[in-house]
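# Architecture at a glance
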Amino acid sequence: MTCALTATAVEARPLRIMSLDQCGDQYAMALSPDATLALSPRADDPDSWMKAEGAQHRRVRPTLEAAIAFEPDVVVRYWGGEQRLLAALERRGVRVLTIDDATTMQGVQDNVVRVAEGLGQPERGAALITSMQAKLEKAAPLAGTPASSALYLTPGGFTAGSGTLVDAILKVAGFLNLATSPGYAPVSVERMALSPPRRFVLGFFDLFRSDWRGPGRHPVVRQAAEGRVAARLPAAALTCPAWFVADAALMVSAGR
């Protein structure tokens, strides 16, 4: 009888989930809010999409010592955790769910499905995708609407071209991306001064300490962007390939 009760108690305990970085935090909180969570130290930072929820959970450093003390069943990560830590966790039988670096809306949805299934929460994953799709449909321009052009810019003076999630956000919202190079690349201050784009989409400018002296904050750039900003995307919407990129698309579409 004692053995049976013990086994039942073990089976009934909530899933223990440890996140190794801020992106993993968002997935863990959204998909398994009822689990016992150990989040990363950045779970309640200003650039965390669910920072209010993050402040309510335990936060631990992504180390083997912390993992041994917490005894997770599952670990969720995007970039966090060195290979030795991941290997040690797997040797101990801990499942490691890695969020892929998605560059398309479909890639984001694939992330949600895979992590939700890995956490035993396929229904919650499906609900997130349904909400995401509704927002993407709302962000899309009406048929026949002429596309406007825009340049994405960060305080550090970087833009995002093809093969990036930012590019996917701009396209969903009905904008032609003026970045001509694939991936992330610096933008010339002189170019923006001499030939400013019709519209700017600014990202990460809400982090006031981010690249305070960067080219994107140069007075010349600020003047070029005056009256031309389609959207100011918060860092929280851009730091993780997750369902809330649809919210970013809605923000951009509002300035079309």
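All values reported here derive from a predicted model rather than from experimental measurement.

## Side note on the pattern of salt bridges
Applying the stated criterion across every chain, the model contains eight salt bridges. Between Asp44 and Arg59 there is a salt bridge, with its nearest N and O atoms 2.8 Å apart. One end of the pair, Asp44, is in the loop between strand 2 (36-39) and helix 3 (51-54); the other, Arg59, is in strand 3 (residues 58-59), and 15 residues separate them in sequence. Given a relative accessible area of 28%, Asp44 falls into the partly exposed group. In this structure Arg59 comes out as partly exposed when scored by relative accessible area, which is 37%. Shared partners join several salt bridges into a network, and the residues in it are Arg42, Asp45 and Asp47.

## Observations concerning the nonpolar core
Formed by 54 residues in total, the largest nonpolar core has its most connected members in Tyr27, Trp243 and Val252. Considering every element that reaches this core, the biggest residue donor is helix 2 (residues 22-31), with six residues. Counting 13 residues, the second-largest nonpolar core is a separate cluster that includes Met18, Ala67, Leu86 and Val94.

## Some remarks on the sheet that holds strand 5 (residues 95-98)
The pairing of strands in a sheet comes from backbone hydrogen bonds and takes either a parallel or an antiparallel form. Taking strand neighbours across the sheet as the criterion, the five strands line up as 3-2-1-4-5 in an open arrangement whose pairing is parallel. Of all the strands in the sheet, just strand 3 and strand 5 have a single pairing partner and so form its edges. Sheet topology note: the strand 2/strand 3 ladder contains two bridges and is parallel. In the sheet register, Ala38 faces strand 3, and the bridge partner there is Arg58.

## Considering the sheet that holds strand 8 (residues 175-177)
An order of 8-6-10-11 is seen for the four strands of this open sheet, with the pairing classed as parallel. The outermost strands of the open sheet, each flanked by one partner alone, are strand 8 and strand 11 (229-233). Direction aside, the axes of adjacent strands within the sheet are offset by 30 degrees on average. As paired strands, strand 6 (residues 148-153) and strand 10 (residues 200-203) are joined by three bridges and run parallel to one another. Its bridge partner lying in strand 10, Leu151 is registered against Phe200. Contacting strand 6, strand 8 and strand 10, helix 8 (residues 165-172) crosses the sheet at an angle of about 150 degrees to strand 8. Contacting strand 8, strand 10 and strand 11, helix 11 (residues 245-253) crosses the sheet at an angle of about 155 degrees to strand 11.

## Digging into the state of the cysteines
Counted by the stated rule, this structure contains one disulfide. Here Cys23 connects covalently by a disulfide to Cys240, the sulfurs 1.9 Å from one another. Because the sign of the S-S torsion sets the handedness, a value of about 55 degrees for the bond joining Cys23 and Cys240 places this disulfide among the right-handed ones. Here the residue Cys23 occupies a position in helix 2, and Cys240 occupies one in the loop between strand 11 and helix 11, the gap between them amounting to 217 residues. With respect to burial, Cys23 and Cys240 carry one shared label: buried.

## So, helix 6 (residues 105-118)
An ideal rise of 1.5 Å per residue puts 20 Å on 14 residues; helix 6 measures up with 20 Å between its terminal C-alpha atoms. Those residues of helix 6 lying buried are Met105, Gly107, Val108, Gln109, Asn111, Val112, Val115, Ala116 and Gly118. Of the surrounding secondary structure, the elements contacted by the buried residues of helix 6 are helix 2, strand 4 (74-77), strand 5, helix 7 (122-139), helix 8 and helix 11. Downstream of helix 6 by one or two residues, Gly120 has phi in the positive range, about 70 degrees.

## Considerations on the packing of helix 8 against helix 11
Two quantities define a packed helix pair, namely the angle between the helix axes and the distance between the axes. Contact geometry for helix 8 and helix 11: axes closest at 8 Å, N-to-C directions at 50 degrees. What the angle tells us is that helix 8 and helix 11 run oblique. Of the two elements, helix 8 crosses helix 11, and the hand of that crossing is right-handed. Contacts between helix 8 and helix 11 pair Leu165, Ile169, Leu170 and Val172 from the former with Val245, Ala248, Ala249 and Val252 from the latter. Here the residues of the contact of helix 8 with helix 11 sort into eight nonpolar, no polar and no charged.

## Some points on the pairing of strand 4
The side-chain alternation of strand 4 yields two buried faces, one formed by Val74 and Val76 and the other by Val75 and Arg77. In this sheet, strand 5 lies alongside strand 4 in parallel orientation, the contact comprising four bridges. Residue Val75 lies in a different strand from strand 5, and its bridge partner there is Val96. Tracing the backbone out of strand 4, into helix 5 (residues 83-91) and back to the parallel element strand 5 gives a crossover that is right-handed.

Criteria and thresholds
Residues numbered from 1 in each chain as written. Predicted model: local features only at pLDDT ≥ 70, side-chain atom pairs only at ≥ 80, totals over all residues. Heavy atoms only, no water. Salt bridge = Lys/Arg side-chain N within 4 Å of Asp/Glu carboxyl O. Helix = DSSP H or I, 4+ residues; strand = E, 2+ residues; numbered from the N terminus. Buried < 20%, exposed > 50% of the residue type's maximum accessible area, 1.4 Å probe, protein only. Core = buried A, V, L, I, M, F, W, Y, C linked by side-chain atoms within 4.5 Å. Pairing = 2+ DSSP bridges. Axes fitted to C-alpha atoms, helices over the stretch in contact; angles between N-to-C directions. Contact = heavy atoms within 4.5 Å. Disulfide = S-S within 2.5 Å. Expected span 1.5 Å × (residues − 1). Parallel < 35°, antiparallel > 145°, perpendicular 65-115°, else oblique. Left-handed = near helix turned anticlockwise from the far one by under 90°. Nonpolar A, V, L, I, M, F, W, Y, C, P; charged D, E, K, R; others polar. Right-handed = clockwise from strand over helix to strand, strands pointing away.

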